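Summary of the model geometry
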Amino acid sequence: MSQQPHSIVTPDEHIVTAREALELLYLHLEQEAEAKLVAAAMRAGWSTEEALSAIDDLKLEDMQAIARRKS
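Now for a quick tour of the structure. Keep in mind that this is a model prediction, so the values were computed, not measured. (Residues numbered from 1 in each chain as written. Predicted model: local features only at pLDDT ≥ 70, side-chain atom pairs only at ≥ 80, totals over all residues. Heavy atoms only, no water.)

1. Considerations on the overall build of the protein chain
On a plain count of helices and strands, the protein chain comes out with two helices and zero strands. Its C-alpha atoms give the protein chain a radius of gyration of 16 Å, more than 25% over the compact-globule value 11 Å for 71 residues. Taking the principal axes of its C-alpha atoms as reference, the protein chain extends roughly 50 × 40 × 15 Å. Burial analysis of the protein chain (71 residues in total) assigns 8% to the buried set. When the accessible area of the protein chain is evaluated, it comes to approximately 6,300 Å², of which 59% is carbon and sulfur surface. Measuring between centres, the 7 positive side-chain charges of the protein chain sit 6 Å from its 13 negative side-chain charges. (Helix = DSSP H or I, 4+ residues; strand = E, 2+ residues; numbered from the N terminus. Rg over C-alpha atoms; globule rule 2.2 N^0.38 Å. Buried < 20%, exposed > 50% of the residue type's maximum accessible area, 1.4 Å probe, protein only. Areas by Shrake-Rupley, 256 points an atom, 1.4 Å probe, with all protein chains shown as cover. Lys, Arg positive; Asp, Glu negative; His and termini not counted. Charge placed at Lys NZ, Arg CZ, Asp CG, Glu CD.)

2. Some thoughts on the packing of helix α1 (residues 18–43) against helix α2 (residues 48–70)
Where α1 meets α2, the axes come as close as 9 Å, and the angle between the chain directions of the two elements is 130 degrees. Between α1 and α2, the crossing angle belongs to the class labelled oblique. As α1 packs across α2, the resulting crossing turns out to be right-handed. Residues E30, E34, L37, V38, A41 and M42 of α1 touch α2, and the partners they reach there are T48, A51, L52, I55 and K59. Tallied by class, residues from the contact of α1 with α2 come to seven nonpolar, one polar and three charged. (Axes fitted to C-alpha atoms, helices over the stretch in contact; angles between N-to-C directions. Parallel < 35°, antiparallel > 145°, perpendicular 65-115°, else oblique. Left-handed = near helix turned anticlockwise from the far one by under 90°. Contact = heavy atoms within 4.5 Å. Nonpolar A, V, L, I, M, F, W, Y, C, P; charged D, E, K, R; others polar.)

3. Thoughts on a nonpolar patch on the surface
Residues L24, Y26 and L27 make up a contiguous nonpolar surface patch of roughly 370 Å² in combined accessible area. Looking at the element boundaries, L24 is found in helix α1. (Patch = residues over 30% accessible without salt bridge, like charges linked within 9 Å, V, L, I, M, F, W, Y side chains within 5 Å. Salt bridge = Lys/Arg side-chain N within 4 Å of Asp/Glu carboxyl O.)

4. What to know about the pattern of salt bridges
For the coordinates displayed, the defined rule picks out three salt bridges. For K36, the salt bridge goes to E32, with nearest N and O atoms at 3.5 Å. Of this pair, K36 and E32 are both found in helix α1, four residues apart, which corresponds to roughly one turn of the helix. Take E32: its relative accessible area is 12%, and that puts it in the buried class. One salt bridge in this structure joins E34 and K59, with 2.8 Å as the shortest N-O distance. Of this pair, E34 sits in helix α1 while K59 sits in helix α2, and the two are 25 residues apart along the sequence. For K59, a relative accessible area of 31% gives the class partly exposed. A cluster of three or more residues bridged by salt bridges with shared partners is formed by E30, E34 and K59.

Now the structure itself:
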């Protein structure tokens, strides 16, 4: 995966929320991280399906931890 610089829209450039300014970079980083995790799991001998299932479980745990912190 190539490491390309990503530009973040500044508040003066557009009237957008911080979320909107960061969303594309966030999605790109999420995809890149998932691809690296799957590749690492496959090198260790796990199947793609097992790796993706484990990643889904980790994401669910993260969302649950965030929900607990908010409540």
